[in-house]
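Each chain, letter by letter, is given below.
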Amino acid sequence: MHFVGDSFVRWGIGHQTMLAVTVIGSVLLIVVGRRIRGTRSETVLSVVFAATLFVVAVIHVVHGLLPVNFRLQGSIPLQLSDVLRFVSAYALLTRRFWATSVVYYWGLTFNPHSLITPNLHYTDSPIYDFTMYWSLHIFVMWAAIYLTWGLAHRPNWRSYRIAIIATLGWAVVAFTFNVLAGTNYGFLNATPTSASLLDLMGDWPVYLFTAFIAMFVVWALITLPWMMRRRPVTTDRTETPASPG
């Protein structure tokens, strides 16, 4: 892998390799998911996938909570990406509609940014930080793709509403914690100190409303194609008897 100092090199060999792994794994999960859909193999694969993601996510949280690593601003699992990892594991394990809905919208809109423009700095060791960062983000991406295109958990307008409610619920919890603890999880309580896309959306708190509106518009756009593909379902199954003779 390509390591320079204490920073990860964007678009270096390591980055390109992880993007290739993401794409290849996604294609394989779609193909395999469709072939084993509805079989015992589907259950086994989903449980193993869920358990692996859950274990890695727990290791990440526990590592951050250790006294030597603890930072009030970053160690509490309140970032939306932290929540998404556990929701993804739960969705893979249970296939609950609300969970697969959240994974679709959060996983396919928030997570890709971390894959394309990774913000990775080596604080422990290059090997540990590299492995943890990419495994968490790639597993979540795979979960969203596997559930949607592999196992046919299609989003609809109810999914859209659930994702909005879940997002607003997370925002309320994170915002309240930020006020009480003086933190800024999700950049909900103050403008980021470093440059970001939020700089284009106005000052705080204007950018919160702008960002949420933009997010909900994008989510509507990625819901619409699925709804256009759905055929009207008739509830009248009465058939005309065949004529005798």
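Draft legend 1. Structural context of the packing of helix α4 (residues 97-109) against helix α6 (residues 126-150). α6 packs onto α4 with a crossing angle of 125° between their chain directions and a minimal axis gap of 9 Å. One finds that α4 runs oblique with respect to α6. You can see that α4 and α6 cross each other, and the crossing is left-handed. On α6, the residues touching Thr-100, Val-103, Tyr-104, Gly-107 and Leu-108 of α4 are Val-140, Met-141, Ala-143, Ala-144, Ile-145, Leu-147, Thr-148 and Trp-149. Class assignment of the residues belonging to the contact of α4 with α6 gives a composition of 10 nonpolar, 3 polar and no charged.

Draft legend 2. A look at helix α7 (residues 157-181). The end-to-end C-alpha distance of α7, which contains 25 residues, comes to 36 Å, matching closely the 36 Å that a straight helix rising 1.5 Å per residue would cover. The set of residues buried in α7 consists of Ser-159, Tyr-160, Ile-162, Ala-163, Ile-164, Thr-167, Trp-170, Ala-171, Ala-174 and Asn-178. Elements that come into contact with the buried residues of α7 comprise α3 (80-94), α4 and α8 (206-229). In the segment just after α7, Gly-182 is the residue with positive phi, at about 75°.

Draft legend 3. Main features of the side chain of Ser-114. Tracing the chain through its elements places Ser-114 in helix α5 (residues 111-116). Judged by its relative accessible area of 18%, Ser-114 falls in the buried class. If sequence neighbours within four positions are ignored, Ser-114 has contacts with Tyr-133 and His-137.

Draft legend 4. Region of interest: the environment of Val-23. Along the chain, the position of Val-23 falls in helix α1 (residues 13-36). By relative accessible area, Val-23 is classed as exposed at 51%. Once the C-alpha coordinates of Val-23 and Met-141 are considered, the two residues, 118 residues apart in sequence, prove to be 9.7 Å apart.

Draft legend 5. View of unusual backbone geometry. With a phi close to 65°, Ala-152 is a non-glycine residue in the positive phi region. Counting through the fold element by element, Ala-152 comes out in the loop between α6 and α7. According to the relative accessible area criterion, Ala-152 is partly exposed, its value standing at 30%. Residues other than glycine seldom take positive phi values, yet Phe-187 does so here, at roughly 55°. Along the chain, Phe-187 falls in the loop between α7 and α8.

Conventions used here
- Residues numbered from 1 in each chain as written.
- Predicted model: local features only at pLDDT ≥ 70, side-chain atom pairs only at ≥ 80, totals over all residues.
- Heavy atoms only, no water.
- Axes fitted to C-alpha atoms, helices over the stretch in contact; angles between N-to-C directions.
- Helix = DSSP H or I, 4+ residues; strand = E, 2+ residues; numbered from the N terminus.
- Parallel < 35°, antiparallel > 145°, perpendicular 65-115°, else oblique.
- Left-handed = near helix turned anticlockwise from the far one by under 90°.
- Contact = heavy atoms within 4.5 Å.
- Nonpolar A, V, L, I, M, F, W, Y, C, P; charged D, E, K, R; others polar.
- Expected span 1.5 Å × (residues − 1).
- Buried < 20%, exposed > 50% of the residue type's maximum accessible area, 1.4 Å probe, protein only.

On their own, these measurements won't tell you what the molecule is for.
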